[in-house]
Amino acid sequence: MSSDLDRSSGPAGQSVASDYDSFAEAYAAETESNLINGYYTRPAMLDLAGDVAGRRILDVGCGAGPLLTALGERGAIVTGIEPSAKMLDLARQRLGDGTALYQGGLGGDPLPFPDAAFDDVIACLVLHYLEDWQAPLAELRRVLVPGGRLIVAVNHPFVYHLIRPEGDYFATEQWSDECTFSGQPAVLTYWHRPLHAITREFTAAGFRIAVVSEPPPAPGAREAFPDLVTSPSGYILCFLFFVLEAA
Ligand SMILES: C[S@@+](CC[C@H](N)C(=O)[O-])C[C@H]1O[C@@H](n2cnc3c(N)ncnc32)[C@H](O)[C@@H]1O
């Protein structure tokens, strides 16, 4: 399967499959209040996280920091890590110097945190950029306390089957999607893996799957995006959400 972007090596040697530096501001602006991020992914992640007051939470691939902001407002003690310098700058502007923000990511050097440093880790729309999940998941488990939660949103694997019928749903394979963020073209390059491979990776890494979720968008989504929310149920097929518990 062809890819429009070459994989490159980012800070601290982690692999970065899509160049968020080149469209950071456009991505942050577009996703602030769009359907799939503002009305869907962020409310779903916050709902799964529940009461986070006092919890130490790492947001890995935190982007411009919208989830860090919301979790901090709910009383969590937040830390973000992000490979894209420009996305990280936007997070710093949003959160200020008082928030712990690091440049780095998954798939290269170990995360710059001691064992069991966090009660929860958030990986929102990040894992699907990685071909190999074994070492990244081991790292995420290492920085969690026993019983801590890894809360994940990834591309729903069935979407790949719908939009790339020529692809092999049952294989782990790379594909690229041409997008527009705030009018700026961008290419996102992902690794598709089938559902059984996703769940196998989680359990092999020592996580217990506590929740699998295909939530509805937030109230008001159909009214705000009538052309996009068209199913009778009001649900949209886009991402798959998990709450995993570190054994
Ligand atoms: C779709 S954006 C989501 C940003 C943020 N999690 C959110 O929900 O707003 C994906 C983010 O993952 C980051 N990313 C890409 N490769 C990564 C890696 N190997 N480790 C950690 N983050 C990565 C990108 O730079 C980008 O900021």
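Source: prediction; values computed, not measured.

## Concerning the packing of helix α1 (residues 24-31) against helix α4 (residues 85-95)
Viewed as axis vectors pointing N to C, α1 and α4 meet at an angle of 50°, and their least axial separation amounts to 9 Å. Relative to α4, α1 is oriented oblique. On α4, the residues touching Ala-24, Glu-25, Tyr-27 and Ala-28 of α1 are Lys-86, Met-87 and Leu-90. Here the residues of the contact of α1 with α4 are counted per class, giving five nonpolar, no polar and two charged.

## Regarding the sheet that holds strand β7 (residues 144-155)
The strand order β5-β4-β3-β6-β7-β11-β10 describes an open sheet built from seven strands, whose pairing is mixed. Bordering the open sheet on either side are β5 (100-103) and β10 (207-213), each of which pairs with just one other strand. Shown here is a sheet whose adjacent strand axes are inclined to one another by a mean of 20°, direction ignored. Pairing of strand β6 (residues 118-124) with β7 involves six bridges; the strand directions are parallel. Within β7, the position partnered with Phe-118 by the bridge is Leu-144.

## Side note on the nonpolar core
By size, the foremost hydrophobic cluster in this structure holds 33 residues, and its most contacted members are Met-45, Leu-71, Leu-101, Ile-122, Cys-124, Ile-151 and Phe-241. Elements that contribute at least two residues to this core include exactly α2 (35-49), α3 (66-73), α4, β6, β7 and β11 (239-246). When residues of this core are assigned to their parent elements, the largest contribution, seven residues, is made by α2. With near-sequence residues (within four places) excluded, Ile-122 lies in contact with Met-45, Ile-57, Leu-58, Asp-59, Val-60, Leu-67, Leu-71 and Ile-151. Grouped together as the second largest cluster of nonpolar side chains are 29 residues, Phe-118, Ala-205, Phe-242 and Leu-244 included.

## Observations concerning the pattern of salt bridges
Scanning the entire structure with this criterion turns up nine salt bridges. The salt bridge involving Glu-32 is made with Arg-94; its shortest N-O contact spans 2.9 Å. Here Glu-32 is found in the loop between α1 and α2, whereas its partner Arg-94 is found in helix α4, with 62 residues between them in sequence. Judged by its relative accessible area of 39%, Glu-32 falls in the partly exposed class. Residue class for Arg-94 comes out partly exposed when judged on its relative accessible area of 33%. Note that Arg-92 is salt-bridged to Asp-89, the shortest N-O span being 3.8 Å. A residue pair is termed a helical-turn pair when its members lie 3 or 4 positions apart in one helix, as Arg-92 and Asp-89 do in helix α4 at three residues. With relative accessibility at 36%, the residue Arg-92 sits in the partly exposed group. The partly exposed category is assigned to Asp-89, whose relative accessible area is 38%. Taken together, the salt bridges that share partners define one network made up of Arg-55, Asp-120 and Arg-149.

## Examining α1
Those residues of α1 that sit buried are Ala-24, Ala-26, Tyr-27, Ala-28 and Thr-31. Along its buried surface, α1 packs onto α2, α4, β8 (173-181) and β9 (184-192).

## Digging into helix α7 (residues 195-204)
Those residues of α7 that fall on the buried side of the exposure criterion are Ala-197, Ile-198, Glu-201 and Phe-202. All buried residues of α7 lie within an arc of 135° about the axis, which places them on one face of the element. Along α7, exposed side chains directed more than 90 degrees from the buried face belong to Arg-200 and Ala-204. Looking at the buried side of α7, the elements it contacts are α5 (134-143), β7, α6 (157-163), β10 and β11. Positive phi appears at Gly-206, one or two residues downstream of α7, with a value of about 90°.

Reading the values: the criteria
- Residues numbered from 1 in each chain as written.
- Predicted model: local features only at pLDDT ≥ 70, side-chain atom pairs only at ≥ 80, totals over all residues.
- Heavy atoms only, no water.
- Axes fitted to C-alpha atoms, helices over the stretch in contact; angles between N-to-C directions.
- Helix = DSSP H or I, 4+ residues; strand = E, 2+ residues; numbered from the N terminus.
- Parallel < 35°, antiparallel > 145°, perpendicular 65-115°, else oblique.
- Contact = heavy atoms within 4.5 Å.
- Nonpolar A, V, L, I, M, F, W, Y, C, P; charged D, E, K, R; others polar.
- Pairing = 2+ DSSP bridges.
- Core = buried A, V, L, I, M, F, W, Y, C linked by side-chain atoms within 4.5 Å.
- Buried < 20%, exposed > 50% of the residue type's maximum accessible area, 1.4 Å probe, protein only.
- Salt bridge = Lys/Arg side-chain N within 4 Å of Asp/Glu carboxyl O.
- Arc of directions from axis to C-beta.

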